[in-house]
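# Tertiary structure, described
Okay, here's what each chain looks like letter by letter:
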Amino acid sequence: QVRLVESGGGLVQPGGSLRLSCTASGGSFSFYRMGWYRQAPGQQRELVATITNGGTTNYADSVKGRFTISRENGKNTVYLLMNMLKAADTSVYLCNVLTPGTSYWGQGTQVTVSS
């Protein structure tokens with residue numbers, strides 16, 4: 001059974017940094033796109049960043065230059081380094097693995113940016 005587990009969320013002041021991690025189990029995901037999405041209460045889920053198996057990255061305009069996505073294929077793990085955090089980044093961050101025919105999601109980790 002595929003399982004994605006996120007960690008690294010928390011409370012941080014504006015301008016601060018956090019690093020999120022997501023480890024997938026129940027298979028090998030080195031060939032597939034991995035990514036991060038976020039969803040705030042009452043809002044639609046939105047893409048934050050994705051990374052292909054070859055390392056090609058894609059970012060939402062709102063996080064470009066502040067967030068960096070990376071992965072370790074041997075560990076089935078994807079990371080999201082978030083710098084210069086803003087209050088608008090407050091959300092639940094969800095990990096995603098996209099395989100042919102199936103999209104897997106983690107439970108999410110809360111990130112709160114507040115002074």
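Residues numbered from 1 in each chain as written. Predicted model: local features only at pLDDT ≥ 70, side-chain atom pairs only at ≥ 80, totals over all residues. Heavy atoms only, no water.

## Quick word on the sheet that holds strand β7 (residues 67–72)
Strand order in the open sheet made by the four strands is β1-β3-β8-β7, with antiparallel pairing throughout. The two strands at the open ends of the sheet, each matched to only one other strand, are β1 (3–7) and β7. Between one strand axis and the next, the sheet turns by 15 degrees as a mean value, whatever way the strands run. The pairing of β7 with strand β8 (residues 77–82) spans six bridges and is antiparallel. Pairing of Ile-69 across the sheet is with Leu-80, part of β8. (Pairing = 2+ DSSP bridges. Helix = DSSP H or I, 4+ residues; strand = E, 2+ residues; numbered from the N terminus. Axes fitted to C-alpha atoms, helices over the stretch in contact; angles between N-to-C directions.)

## Focus on the packing of aromatic side chains
Summed over the entire model, instances satisfying the criterion amount to two aromatic pairs. For the ring pair Tyr-37 and Trp-105, a centre distance of 5.0 Å and an interplane angle of 70 degrees mean the geometry is edge-to-face. Of this pair, Tyr-37 sits in strand β4 (residues 33–39) while Trp-105 sits in strand β10 (residues 102–105), and the two are 68 residues apart along the sequence. Overall, Tyr-37 belongs to the buried group, its relative accessible area being 14%. A relative accessible area of 32% means that Trp-105 is categorised as partly exposed. (Phe/Tyr/Trp six-rings, centres within 6.5 Å; stacked < 30°, edge-to-face > 60°. Buried < 20%, exposed > 50% of the residue type's maximum accessible area, 1.4 Å probe, protein only.)

## Considering the pattern of salt bridges
Under the definition given, this model contains five salt bridges. The partner of Arg-38 in a salt bridge is Glu-46, and the shortest N-O contact between them spans 2.6 Å. A residue is classified by how much of its surface remains accessible, and Glu-46, at 35% relative accessible area, is partly exposed. Among the salt bridges present, the one from Asp-61 reaches Lys-64, with a minimum N-O distance of 3.1 Å. On the basis of relative accessibility, which here comes to 65%, the residue Asp-61 falls in the exposed class. Shared partners join several salt bridges into a network, and the residues in it are Arg-38, Glu-46, Arg-66 and Asp-89. (Salt bridge = Lys/Arg side-chain N within 4 Å of Asp/Glu carboxyl O.)

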